[in-house]
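Chain by chain, the residues:
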There are 2 protein chains.
Amino acid sequence: VLSVDAQVEGVHFDRGFLSLQQLGARAMASALSDLAAMGAEPRAALVSLICPPALNDDELYAIMDGVGQAQARYGCVVIGGNLARGVQLSITTTVIGAAIGRALTRSGAHAGDGLYVTGTLGSAALGLELLKRGQADRWQEHVERWRTPIARVEAGLLAARAGTHAAIDVSDGLLQDLQHVCEASSVGCVVDLPRLPRPRDAAIERELGVDLERLALSGGEDYELLVAAPEPPSGDFTRIGTFSAEIGIRLRDGSGVPRPAEASGFDHFGV
Amino acid sequence: VLSVDAQVEGVHFDRGFLSLQQLGARAMASALSDLAAMGAEPRAALVSLICPPALNDDELYAIMDGVGQAQARYGCVVIGGNLARGVQLSITTTVIGAAIGRALTRSGAHAGDGLYVTGTLGSAALGLELLKRGQADRWQEHVERWRTPIARVEAGLLAARAGTHAAIDVSDGLLQDLQHVCEASSVGCVVDLPRLPRPRDAAIERELGVDLERLALSGGEDYELLVAAPEPPSGDFTRIGTFSAEIGIRLRDGSGVPRPAEASGFDHFGV
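Residues numbered from 1 in each chain as written. Chains lettered and ligands numbered in written order. Predicted model: local features only at pLDDT ≥ 70, side-chain atom pairs only at ≥ 80, totals over all residues. Heavy atoms only, no water.

Q: What is the right way to look at the overall build of chain A in this model?
A: Along its length, chain A carries eight helices and 11 strands. In terms of C-alpha radius of gyration, chain A reaches 18 Å, essentially the compact-globule figure of 18 Å for 271 residues. Taken over the C-alpha atoms alone, chain A extends approximately 60 × 50 × 30 Å along its principal axes. Looking at the 271 residues of chain A, the share that counts as buried comes to 56%. Across chain A, the fraction of contacts at a sequence separation of at least 24, relative to all contacts at a separation of at least 6, is 84%. Here chain A has roughly 10,500 Å² of accessible surface; of this, 47% comes from carbon and sulfur atoms. Positive and negative side-chain charges of chain A, numbering 23 and 34 respectively, have mean locations separated by a distance of 3 Å. (Helix = DSSP H or I, 4+ residues; strand = E, 2+ residues; numbered from the N terminus. Rg over C-alpha atoms; globule rule 2.2 N^0.38 Å. Buried < 20%, exposed > 50% of the residue type's maximum accessible area, 1.4 Å probe, protein only. Contact = heavy atoms within 4.5 Å. Areas by Shrake-Rupley, 256 points an atom, 1.4 Å probe, with all protein chains shown as cover. Lys, Arg positive; Asp, Glu negative; His and termini not counted. Charge placed at Lys NZ, Arg CZ, Asp CG, Glu CD.)

In C-alpha cells form, the structure reads like this:
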C-alpha cells in the first residue's frame, strides 16, 4: 500500500513553532499515520522537498536529520527523493507499506460496530493554540503532541489482525474523519461525549478560554487512529461510541438524547 | 522501482507557457522519464498537488485531465494523491514501476562503452527560449517539445534488455547528466560534437542569437535517455561518444583533440 502527504509552510506548520528536525520527523509521521490506518507496516519512503533559496545547507540537513530519526523509529527506509526550488518550503512524503492481509479502508463499518480511538484527542490542537498565543512554555506536553506526532503503526497492525471493519487516522479532527468513515460505509454514529479521551484541565479552559471538548471533536493533527470494530481491539483503544444504521453523527451528553453534530473542519493555519 | 519528481510554478513552468492539461501531463512524463531511465515499466502513480486558493475547481480538473491523459498513454494508474493549499502551485508525482530484470542505474558505465542518446537534444530548451521571447508561434515543434515531453519508456526497456551498463534521463542537460553517470561510474567520456542529434537551423541561430550546439549540451528538459552500452541498443539511439578510463568529460570537434567540457547547469526559470 502507498500513501502521500504534503506539509506546506504557512499551511501545516510555521517555522517559528518547531525545529527543522521536528519538521522532518513530523512530515514522516504524518505520512506514516495514513499507513497505520491501513493496518500496514512501513517499508520505504520518498521525500520530495521544495526549498526557498534562503534555506541553507545546514537547514536542509536538519530537516533530513529529522527524516532520518523517523526512518530509524519506524523502520522505514528513505529510498529516494527530489529537491526543487520554490518560494514556499514544503515536504511531500510518499510512504510504502506492506498490509497485514487485506488493507483497512474507510469503508466497511457496520451498524452496531463500536467506535474506538487510540490515545487522546484535542491535545495537538491545544498545543498549536498555545504556540499561536506564545504560551508554549506552559503545558508543554500538548505543544510536544503537536510538534512530534506519533504514527500509530502498532495499533493499526493490532486492529487489522483483530478483524477491524474500517479505520482512518484523525488528522482533520474526530468529527470530520468520522464523517469520512460514515459516508464511505453508509452508516451513522453516536458519539458518547463523556467517554472522549481528552485533556481535562479546568485551568487551561479558564485561562485560555478554550473548550477542550470542542478541540477533542474538531481539533486536527492528533494522528490517532479511529476504528470501527465488532470487538474491542487490543492495545491503547478507548470505546467512544457506536455505529448506527441511522445516517448522521449524533453526540450524546451523559444519558441524554443524542443531538446531531455539526462537523467543522480543522484549518491548520489557513493561507 | 520508485521515483518522485516535483514541478513548481515559476521554477519548472510558467502558467502562461502551457495549458493546465499540458502541465498535468508534463508532470507525469517528467516523473515517468526517471522510470524509463531505470528500464522499468510504469505501473502506478501518486499525485500530490499544492494549490493556491485562487486556483478554481475547473482549473484543478484541467490539471487532473492532463494527468489522466498521461495515465492512458503510459498505462500508469493514478492510485492516490493529496491536495494541500499553498501560495505556489506545484505537482509532486511519485511513480511506481516494474524493472525488467535488474534496474538500470547511473553507475556501471565501463571505459570503452559507447555513449548513446535517444531523440534530439536541445529542442525543449529552444522551445522554452522561444516562449520566453514571445516567439512561440514560429518554430512550434520546439515549443511542443518543451510543453509535451515524452517519457522514453520503450527505449528504456529496449536498453535494459540489451544489457546496457548505465542510464539516466537528460533532464538537467547532457553535460550535467553525463557528469552524474561518469561520477557514479568512476569513468570519463569523450563526446563527439558533430554527432549530436540536435536542431540544425542557421535561421534560428541568426535570428535569435542562440547557439544550438550549446543548447544540445546544456539545455535541459529534453527527457531523452542517455545510456552507456557495449553494443548499440536497438531503437532510436544515436552514438555520440565513448566512455574512457580518463576522468572528466571532453568534447571533440571533428577530428581535433578533445578539450575539457565546462558543465553548466540548466536553470529552468530561476526563483
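Q: Can you help me understand the interface of chain A and chain B in this one?
A: It is common to give the size of an interface as the accessible area that goes away when the parts come together. In this assembly, 27 residues from chain A lie in contact with 27 residues from chain B. Overall, the association of chain A and chain B removes approximately 2,100 Å² of surface from exposure, summing both partners, and the carbon and sulfur fraction of that is 69%. If you look at where chain A meets chain B, you find zero salt bridges. Linking chain A with chain B are three residue pairs in polar contact (both at pLDDT 80 or more), by the criterion used here. Elements represented by at least two residues in the side of chain A that touches chain B include exactly strand E1 (2-8), strand E2 (40-51), strand E3 (77-85) and strand E4 (90-99) of chain A. Classifying every residue of the side of chain A that touches chain B by side-chain character gives 13 nonpolar, 11 polar and three charged. (Buried area = accessible area lost by both parts, 1.4 Å probe. Salt bridge = Lys/Arg side-chain N within 4 Å of Asp/Glu carboxyl O. Polar contact = N/O pair within 3.5 Å; in protein donor to acceptor, adjacent residues only side chain to side chain. Nonpolar A, V, L, I, M, F, W, Y, C, P; charged D, E, K, R; others polar.)

Q: Would you mind showing me how to read the relation of the copies chain A and chain B here?
A: You can overlay chain A on chain B at an RMSD of 0.1 Å; the transform is a turn of 179° with a shift of 0.0 Å along its axis. Here the transformation between the copies is reduced to the relation of a two-fold axis. (Least-squares fit on C-alpha atoms with pLDDT ≥ 70 in both.)

Q: Any chance you could explain the packing of aromatic side chains here in plain terms?
A: Note on aromatic pairs: each is described by the distance of the centres and the angle between the planes. Residues and elements named next belong to chain A. All chains considered together, the criterion is met by two aromatic pairs over all chains. Centroid distance phenylalanine 17 to tryptophan 146: 6.4 Å. Interplanar angle 80°. Geometry classified as edge-to-face. Of the two residues, phenylalanine 17 is situated in the loop between E1 and helix H1 (20-37) and tryptophan 146 in helix H4 (residues 140-147); the sequence distance between them amounts to 129 residues. What makes tryptophan 146 buried here is its relative accessible area of 0%. The residue whose ring lies beneath arginine 26 is tryptophan 146, and the NZ or CZ to ring-centre distance is 4.3 Å. (Phe/Tyr/Trp six-rings, centres within 6.5 Å; stacked < 30°, edge-to-face > 60°. Lys NZ or Arg CZ within 6 Å of the ring centre and 35° of its normal.)

Q: Explain the packing of helix H1 (residues 20-37) of chain B against helix H2 (residues 57-74) of chain B to me, please; I cannot follow it from the model alone.
A: When two helices pack together, you describe them by how their axes are tilted relative to each other and by the distance separating the axes. Residue and element names in this part refer to chain B. Contact pair H1 / H2: the axes reach a minimum separation of 6 Å and the direction vectors enclose 40°. On the basis of the axis angle, H1 is oblique to H2. Where H1 crosses over H2, the two elements pack in a sense that is right-handed. In this structure, H1 contributes Leu20, Gln21, Leu23, Gly24, Ala25, Met28, Ala29 and Leu32 to the contact, and H2 contributes Glu59, Ala62, Ile63, Asp65, Gly66, Val67, Gln69, Ala70, Gln71 and Tyr74. Split into classes, the residues belonging to the contact of H1 with H2 amount to 11 nonpolar, five polar and two charged. (Axes fitted to C-alpha atoms, helices over the stretch in contact; angles between N-to-C directions. Parallel < 35°, antiparallel > 145°, perpendicular 65-115°, else oblique. Left-handed = near helix turned anticlockwise from the far one by under 90°.)

Q: Can you help me understand the sheet that holds strand E10 (residues 248-252) of chain B in this one?
A: Hydrogen bonds between backbone atoms are what pair the strands of a sheet, whose relative direction is either parallel or antiparallel. Residue and element names in this part refer to chain B. In space, the seven strands of this open sheet follow the order E6-E8-E5-E9-E7-E10-E11, with mixed pairing throughout. A single partner strand is all that each edge strand has here, and the edge strands are strand E6 (166-170) and strand E11 (259-260). The pairing of E6 with strand E8 (residues 224-229) spans five bridges and is classified as antiparallel. The residue bridging isoleucine 168 from the neighbouring strand is leucine 226, located in E8. Across the sheet, H1 touches E6 and E8, and the angle it forms with E6 is around 165°. (Pairing = 2+ DSSP bridges.)

Q: What is the right way to read the pairing of strand E9 (residues 237-244) of chain B from this model?
A: Remember that side chains alternate between the two faces of the sheet whenever the strand is regular. Residue and element names in this part refer to chain B. As defined by bridge partners, strand E5 (residues 114-118) adjoins E9 across five bridges and the pair is classed as antiparallel. Across the sheet, threonine 118 pairs through a bridge with phenylalanine 237, a residue of E9. Sheet analysis places strand E7 (residues 188-192) next to E9, joined by four bridges and oriented antiparallel. Opposite valine 190, over in E9, you have threonine 242 as the bridge partner.

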